[in-house]
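Notes for the structure review
Here is what each chain is made of, one letter per residue.
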Amino acid sequence: AAELSAIAIDCATMDEFKQRLELGPLPDALDELATSSPAEFDRFRARAEQYLQSLQPSHAIPKLSRIGWSAVISLCLDSSFDESMRSRYATAPTSRRTVVLTAPAVLSRPLVLPIYKVLGNCRDSAEPGLVALSKSEQLLKKQEWKELLASMRDFVRDDALVFLGTDDELALVQDLLS
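Owing to the predicted nature of the structure, the values given are computational and were not obtained by experimental measurement.

A few words on the nonpolar core. Ranked by internal contacts, the top residues of the largest apolar core, which has 16 residues, are Ala8, Leu21, Leu26, Leu30, Phe44 and Leu133. Those residues within four positions of Leu30 in sequence are excluded, and the remaining contacts are Ala8, Leu21, Phe41, Phe44, Leu133 and Ser134. If you look at the next biggest cluster of nonpolar residues, it comprises 15 residues, including Leu75, Val118, Leu148 and Met152.

Below, the structure written as structure tokens:
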């Protein structure tokens, strides 16, 4: 989040927004930036997505991707885990593949590992997959969670489920579980 805040501060031209962005929380400040200066917010979004796409996976990601998950729920804004799972299945002798979901879909179990990206996908530049960066975007995504996750119960009957990106997002986790 600190890196995204730095990108936002760099994209903002007005000092009052730079100060607001420094005080946080970032999603709330981004709503103000999007409302008052859409061009600056668009510039921030482009740079943030580029940053998120370029992130290298942490040391835990390869270890987590070796486990036979039945489904993945991700609050992560980046796609490190998704790419690691995709690479694993591409090199393994299996017909299973990953499917990154940002909208409801019909899936054929057990041939897919669904990765439910509940805050969107940084590699998707169109709605509904656009990554939620501001508070209002997050609230819009929350309205879609029940429908997005409806197919999950078909996948979690047999194997373990992993829930990613929960460290800094306790309030979102509580919302998701409620």
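Its 17 residues give helix H4 (residues 38-54) an end-to-end C-alpha distance of 24 Å, which sits within 8% of 24 Å, the value for a rise of 1.5 Å per residue. Buried within H4 are the following residues: Glu40, Phe41, Phe44, Arg45, Ala48, Glu49 and Leu52. The buried residues of H4 occupy one face: seen down the axis, they fall within an arc of 165 degrees. For H4, exposure combined with an orientation more than 90 degrees from the buried face picks out Ala39 and Gln50. On the buried face of H4, the contacting elements are helix H1 (2-11), helix H3 (26-36) and helix H7 (135-142).

Looking at where Leu26 falls in the secondary structure, it is placed in helix H3. For Leu26, a relative accessible area of 12% corresponds to the buried category. Along the chain, Leu26 and Ala8 lie 18 residues apart, while their C-alpha atoms are 8.6 Å from each other. Excluding its chain neighbours within four sequence positions, the residues that come into contact with Leu26 are Ala1, Leu4, Ser5, Ala8 and Leu21.

What follows concerns the side chain of Glu40. With respect to the element layout, Glu40 can be found in helix H4. For Glu40, which is buried and forms no salt bridge, the nearest opposite charge comes from Arg43, at a distance of 4.4 Å.

The subject of this paragraph is the sheet that holds strand S3 (residues 112-117). Taken together, the four strands give an open sheet; going across it, the order is S2-S3-S1-S4, and neighbouring strands pair in parallel fashion. Whereas interior strands pair on both sides, the edge strands pair on one side only; in this sheet they are strand S2 (97-101) and strand S4 (161-164). Between one strand axis and the next, the sheet turns by 15 degrees as a mean value, whatever way the strands run. When S2 meets S3, the two strands line up parallel, connected through five bridges. Its bridge partner lying in S3, Thr98 is registered against Leu113.

Okay, the packing of H3 against H7 next. Relative orientation of the contacting elements H3 and H7 amounts to 110 degrees, with a least axis distance of 7 Å. Of the possible angle classes, the one that applies to H3 and H7 is roughly perpendicular. In this structure, H3 uses Pro27, Asp28 and Asp31 to contact H7, whose residues at the interface are Lys135, Ser136 and Gln138. Residue classes in the contact of H3 with H7 are distributed as one nonpolar, two polar and three charged.

Calculation criteria
- Residues numbered from 1 in each chain as written.
- Predicted model: local features only at pLDDT ≥ 70, side-chain atom pairs only at ≥ 80, totals over all residues.
- Heavy atoms only, no water.
- Core = buried A, V, L, I, M, F, W, Y, C linked by side-chain atoms within 4.5 Å.
- Buried < 20%, exposed > 50% of the residue type's maximum accessible area, 1.4 Å probe, protein only.
- Contact = heavy atoms within 4.5 Å.
- Helix = DSSP H or I, 4+ residues; strand = E, 2+ residues; numbered from the N terminus.
- Expected span 1.5 Å × (residues − 1).
- Arc of directions from axis to C-beta.
- Lys, Arg positive; Asp, Glu negative; His and termini not counted.
- Salt bridge = Lys/Arg side-chain N within 4 Å of Asp/Glu carboxyl O.
- Pairing = 2+ DSSP bridges.
- Axes fitted to C-alpha atoms, helices over the stretch in contact; angles between N-to-C directions.
- Parallel < 35°, antiparallel > 145°, perpendicular 65-115°, else oblique.
- Nonpolar A, V, L, I, M, F, W, Y, C, P; charged D, E, K, R; others polar.

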